[in-house]
Amino acid sequence: MNYSLIYSQVSEHIPYLLGGAILTLELAAISFLVGWAIGLTNASILHFGPRPARLAVQGYVTFFINTPLLVQIFFIFFVLPDAGILLSPYAAVAIGMSLNAGAYLTEIQRAGFQSLRREEIDAATAMGFSVPQIVWYVVLPHIAKALYPPLSNQFIIQVMTTSIAAIFAVEELTGRAYNVNSLTFRSLEVFSIVAVIYLVLTLACSLALALLGRWLFRVKARVF
Amino acid sequence: MWEQLLEDAPRFFGIWNLMFLGQALLNTLLLSYLGAAFGFAIGFSLAIGRHPRLYGIAPIRLLATAYVEVFRRIPFLVKLMCIFFAFQLSGAQASLFTIALVTVVLSAAAFAAEIARAGIEAVPAPQWDAAEAMNFSRWKVLTRVVAPQSWRVVLPPLFGYAVGFIKSTSIASQIGVMELTYAAKILNTRGFSALLCFGTILIVYFLICWPTKRFGEHLEARLGRRPKV
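Model, not experiment: these values are computed from the prediction. (Residues numbered from 1 in each chain as written. Chains lettered and ligands numbered in written order. Predicted model: local features only at pLDDT ≥ 70, side-chain atom pairs only at ≥ 80, totals over all residues. Heavy atoms only, no water.)

Colleague: Give a detailed account of the interface of chain A and chain B, specifying residues and quantitative values.
Modeller: Listed as interface residues are 41 residues of chain A and, on the opposing side, 37 residues of chain B. Carbon and sulfur atoms make up 75% of the surface buried where chain A meets chain B, a total of about 3500 Å² over both sides. At the boundary of chain A and chain B, one finds 0 salt bridges. Elements that contribute at least two residues to the side of chain A that touches chain B include exactly helix 3 (51-65), helix 4 (69-79), helix 7 (131-161), helix 8 (173-184) and helix 9 (187-217) of chain A. Ranked by the residues each element gives to the side of chain A that touches chain B, the list is headed by helix 9 of chain A, at 11 residues. When grouped by side-chain class, the residues that make up the side of chain A that touches chain B number 28 nonpolar, 11 polar and 2 charged. (Contact = heavy atoms within 4.5 Å. Buried area = accessible area lost by both parts, 1.4 Å probe. Salt bridge = Lys/Arg side-chain N within 4 Å of Asp/Glu carboxyl O. Helix = DSSP H or I, 4+ residues; strand = E, 2+ residues; numbered from the N terminus. Nonpolar A, V, L, I, M, F, W, Y, C, P; charged D, E, K, R; others polar.)

Colleague: So what's going on with the environment of A24 of chain B? Which residues, and what values?
Modeller: All names here are of chain B. By the element assignment, A24 lies in helix 2 (residues 15-50). Residue A24 is classed as buried on the basis of its relative accessible area of 0%. For the pair A24 and I74, spaced 50 residues apart in sequence, the C-alpha separation works out to 27 Å. (Buried < 20%, exposed > 50% of the residue type's maximum accessible area, 1.4 Å probe, protein only.)

Colleague: Could you give an account of the pattern of salt bridges, with specific residues and numbers?
Modeller: Residues and elements named next belong to chain B. Within the structure shown, the criterion is met by 9 salt bridges over all chains. Across the pair E217 and R214 runs a salt bridge whose closest N-O atoms are separated by 3.8 Å. In this pair, E217 and R214 are both assigned in helix 9 (residues 194-225), 3 residues apart and thus about one turn of the helix distant. Shared partners join several salt bridges into a network, and the residues in it are R50, E69, R72, R73, E114 and R117.

Colleague: Break down the side chain of S98 of chain A for me, with residues and values.
Modeller: Residues and elements named next belong to chain A. Structurally, S98 is set in helix 5 (residues 89-114). Among the residues examined, S98 registers a relative accessible area of 6% and is labelled buried. Among all residues touching S98, those that are not within four sequence positions of it are I30, S31, V34, G35 and I38.

Colleague: So what about the nonpolar core? Which residues, and what values?
Modeller: Ranked by internal contacts, the top residues of the largest apolar core, which has 103 residues, are L17, V93, F168 and V194 of chain A together with I201 of chain B. Broken down by element, the residue count for this core peaks at 11 residues, all from helix 9 of chain A. Contact partners of V194 of chain A, with chain neighbours within four places excluded, come to L17, L173 and A177 of chain A together with V78 of chain B. In this structure, A47, V141, L142 and V145 of chain B belong to the second largest nonpolar core, which totals 12 residues. (Core = buried A, V, L, I, M, F, W, Y, C linked by side-chain atoms within 4.5 Å.)

Colleague: Describe in detail the packing of aromatic side chains, supporting the description with residues and values.
Modeller: With the rule as written, the count across this model stands at 23 aromatic pairs over all chains. Consider the rings of F78 of chain A and F198 of chain B, whose centres lie 5.8 Å apart with planes at 15 degrees: the pair is stacked. Placement of the pair is F78 of chain A in helix 4 and F198 of chain B in helix 9, with the two residues belonging to separate chains. Since its relative accessible area comes to 32%, F78 of chain A is described here as partly exposed. Relative to F217 of chain A, the ring of Y148 of chain A lies with its centre 5.5 Å away and its plane at 55 degrees, an arrangement referred to as tilted. One end of the pair, Y148 of chain A, is in helix 7; the other, F217 of chain A, is in helix 9, with 69 residues separating them in the sequence. With a relative accessible area of 10%, Y148 of chain A lands in the buried category. Counting every residue linked through ring pairs, the aromatic cluster contains Y60, F63 and F64 of chain A together with F206 and W210 of chain B. When the ring centre of F136 of chain B is taken as reference, the NZ or CZ atom of K140 of chain B above it lies at 4.9 Å. (Phe/Tyr/Trp six-rings, centres within 6.5 Å; stacked < 30°, edge-to-face > 60°. Lys NZ or Arg CZ within 6 Å of the ring centre and 35° of its normal.)

Written out as structure tokens, the structure is:
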């Protein structure tokens, strides 16, 4: 217990670490957007698709939600080359995270669509709204309001999940922490600084998303 | 690819490999269920320490809130590394398993605290007022009024989070804990095809996680149907 924390050697690497935070956000944004598109398609299939397509979507969601992301990426990264598909670590991580996020976002959006009640549309029809008007004034505001909090929550989860990319030598925040660690051997100092960066990063994202939601859809999202 | 798979399969599922994987599976199960159980217990205490009408006295409340917010906003891998190096530098002799277990417990506590908070908040305000009017002590409010009503709300989501921790334990392979993912990596380095190694453990993970999640959903449907007190 006679180790003293010395931050001076690590502090000069903070700009380098913050550069990694940008890649973290990039990876989170890519996987979130692709996952969102997957989720939107899947949720529509679950509502309107034929039975075999619905079963396939349910199988995809159940499988990806019940297996670890790390092993999914291992599988993509090490097994696909045997089938002749060679992926860079960044691509493998991005694909794995997108597929994984897609499963969660399918669930979220399915629940969001289900929260729309028949009566709302009936009331709009009774008041003489045309179909585009119903979609624009009734359906979309409802869905946006219902989906915004869980979607922004999922984005925060994506930001934290990107740390797994470090295991595949992608130089995002945690990956750069590994680099600085092997350079300075100030392990606890490096990782505690990185922990604080993650804390600030996710808090800033939560705050920005809450403000955006309040401004766009009048959603009262909680940051704490 | 497929011919090689068929050729490898009998050798891969030999008795020694199965024992090796069984040991790893046991470690994964111990790590996740034990970690979740301890973590949830601590999480409930945190939630009780955060509620102003229970034990939420200012300094405890602040500390508990800070702990929950901090531990929910740091990735598992970074927490694991911090705790790993903290153990190493403090000179404490702890096994890798213990270090991973501590990480799971500390993160599970933070997540469980949030679920328990939702459960406590589900108890309607008049119940609190009535208990206070009858001069119930804090402990009595907790055990006679809050706990009997909130466990229905708290219990089902815990299983969903437990699945999350089973999945997180795969990250413990990074510090070399002998669990499923690490075992698969070792078998892969020993020359078995990646498809067999990672495919097998993907299925094993699924077989652990899916029933746990289903059980939570089953409980949710069952407990939700009954009328609330």
